[in-house]
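Each chain, written out:
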Amino acid sequence: MADEDYEEEFGEDGDEARPPRLRLSRRGMLVLAVLGALVLGALGWTVFFSSALEVRRVAVQGLDSGKLSQDEVEKALGSTARGPLARVDLDRAQQLVAKVPRVARVEVWRGWPHTLQVKVTERQPVAAIRAEDGRFVQVDAQGVEFATEPQPPAGVPVVSLALGQPANDALPVIDRPALVRSAITVAAGLPSEVAKQAGSLTVYSYDDIRLQLASGATVRWGSAEETARKARVLTALLGRKASNYDVSAPDAPAVSG
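Residues numbered from 1 in each chain as written. Predicted model: local features only at pLDDT ≥ 70, side-chain atom pairs only at ≥ 80, totals over all residues. Heavy atoms only, no water.

## Re the confidence of the model for the protein
- When pLDDT is averaged along the protein, the result is 87, and 82% of the positions lie at 70 or above.
- Confidence over residues 1-11 falls short of pLDDT 50; this stretch has 8 contacts with residues more than four positions distant or in other chains. (pLDDT = per-residue confidence, 0-100. Contact = heavy atoms within 4.5 Å.)

Written out as structure tokens, the structure reads:
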């Protein structure tokens, strides 16, 4: 009995017995290939053309300010957010949402099986500019004007121009938009604790920008050059109560009143 078992396990020559191989005929291989193609075709049709995996929801993240709504984002996406999820052009969807004025950055991706995911970063105002109609244009740190409202947003200065004759004479060289950009540079460089106290930012000339604080104190800023350094100096000076702060020459700041 032991010898018979031995022969069954190892065969007559002593080699280990191997299971018989499954060999398919050409017809069998053709049938398998056709079945595989049909499965892949059905899967492709389901994913790319059927309504089984279509977009049924747009999920928007980052709507923190309450100023930008879900409806605005969906309206910007338009027909891009319809049809099979796999066929959504993500780059195109991103470009469309990026055109919304309040959107600074946007990411779009697929959330299987039925959700188009959108994450937005909203623009944050650093200043407001009074328009001719009396309303206020909000501007972000890059100088982008993205919203106009009846009142300026809280915690940012209102920019205005009060040009003297020398500044007016210099407009062919340094025009009004350039002067406004200088003020925006100053506004964007203000520490948050200073920005919250800022009431207005007035440009008298390229090198004479002044900040009016809510306390009534005036800050002579000078030009927009060395804004980061001037901001640090001003933060230190505000520990002293005064009616005038001068950081136009940050190496020699002054306090009076």
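## Overview of unusual backbone geometry
- Of note, the amide linkage connecting Trp112 to Pro113 takes the cis form, showing an omega dihedral of 10 degrees.
- Relative to the elements of secondary structure, Pro113 occurs in the loop between β2 (103-111) and β3 (115-122).
- Of note in the backbone geometry, Glu226 takes a positive phi value of approximately 55 degrees without being a glycine.
- Relative to the helices and strands, Glu226 is located in the loop between β10 (218-222) and α8 (227-237). (Helix = DSSP H or I, 4+ residues; strand = E, 2+ residues; numbered from the N terminus.)

## So, the pattern of salt bridges
- Within this structure, the stated rule accounts for 8 salt bridges.
- One salt bridge connects Lys67 with Glu149, and the closest N-O pair in it is separated by 3.4 Å. With a gap of 82 residues between them, Lys67 in the loop between β1 (57-61) and α3 (70-77) and Glu149 in strand β6 (residues 145-149) connect regions that are remote in the sequence.
- Given the relative accessible area of 44%, Lys67 is considered partly exposed.
- Across the pair Arg229 and Glu226 runs a salt bridge whose closest N-O atoms are separated by 3.3 Å. (Salt bridge = Lys/Arg side-chain N within 4 Å of Asp/Glu carboxyl O. Buried < 20%, exposed > 50% of the residue type's maximum accessible area, 1.4 Å probe, protein only.)

## Observations concerning the environment of Ala98
- Along the chain, Ala98 turns up in helix α4 (residues 90-98).
- When its relative accessible area of 40% is taken as the criterion, Ala98 is described as partly exposed.
- Measuring from C-alpha to C-alpha, the distance between Ala98 and Thr121 comes to 9.8 Å, with 23 residues separating the pair along the chain.
- Those residues in contact with Ala98 that sit more than four places away from it in its chain are Val103 and Val106.

## Observations regarding the side chain of Gln117
- Along the polypeptide, Gln117 turns up in strand β3.
- Once residues within four sequence positions are removed from consideration, Gln117 is found in contact with Ala59, Gln61, Glu107, Val108, Trp109 and Gly111.

## Details of the side chain of Thr115
- Considering the arrangement of structural elements, one finds Thr115 in strand β3.
- Other than its neighbours up to four places away in sequence, Thr115 contacts Arg57, Ala59, Leu85, Trp109 and Arg110.

## So, α8
- Residues of α8 that are buried include every one of Thr227, Lys230, Ala231, Val233, Leu234 and Leu237, and no others. Here the buried residues of α8 occupy an arc of 165 degrees about the axis, which is enough to place them on one side. Exposed and oriented more than 90 degrees from the buried face of α8 are Arg232 and Ala236.
- Of the surrounding secondary structure, the elements contacted by the buried residues of α8 are α6 (176-189), α7 (192-195), β10, β11 (244-246) and β12 (254-256). (Arc of directions from axis to C-beta.)

## Section: the sheet that holds β10
- In space, the 9 strands of this open sheet follow the order β6-β5-β4-β7-β8-β9-β10-β11-β12, with mixed pairing throughout. In this open sheet, the two strands that pair with only one neighbour each are β6 and β12. If you compare each strand with its neighbour and ignore which way they point, the axes differ by 25 degrees on average.
- The pairing of β11 with β12 spans 3 bridges and is classified as antiparallel. Bridging across to β12, Asp246 finds its partner in Ala254.
- Against the sheet, α6 engages β4 (127-130), β5 (136-139), β7 (158-161), β8 (198-205), β9 (208-213) and β10, with an angle of about 140 degrees to β8. (Pairing = 2+ DSSP bridges. Axes fitted to C-alpha atoms, helices over the stretch in contact; angles between N-to-C directions.)

## A short note on the nonpolar core
- Within the largest apolar cluster, 35 residues are counted, with the highest numbers of intra-cluster contacts made by Leu201, Leu211, Val219 and Trp221.
- Elements with a minimum of two residues in this core: β4, β5, α6, α7, β8, β9, β10 and α8.
- With 6 residues, the single largest contributor to this core is α6.
- Beyond its immediate chain neighbours, meaning those up to four positions away, Trp221 contacts Val186, Leu190, Ile209, Arg210, Thr227, Lys230, Ala231, Leu234, Val247 and Ser248.
- Counting residues in each nonpolar core, the second largest holds 18 residues, with Val73, Leu77, Val97 and Val120 among its members. (Core = buried A, V, L, I, M, F, W, Y, C linked by side-chain atoms within 4.5 Å.)

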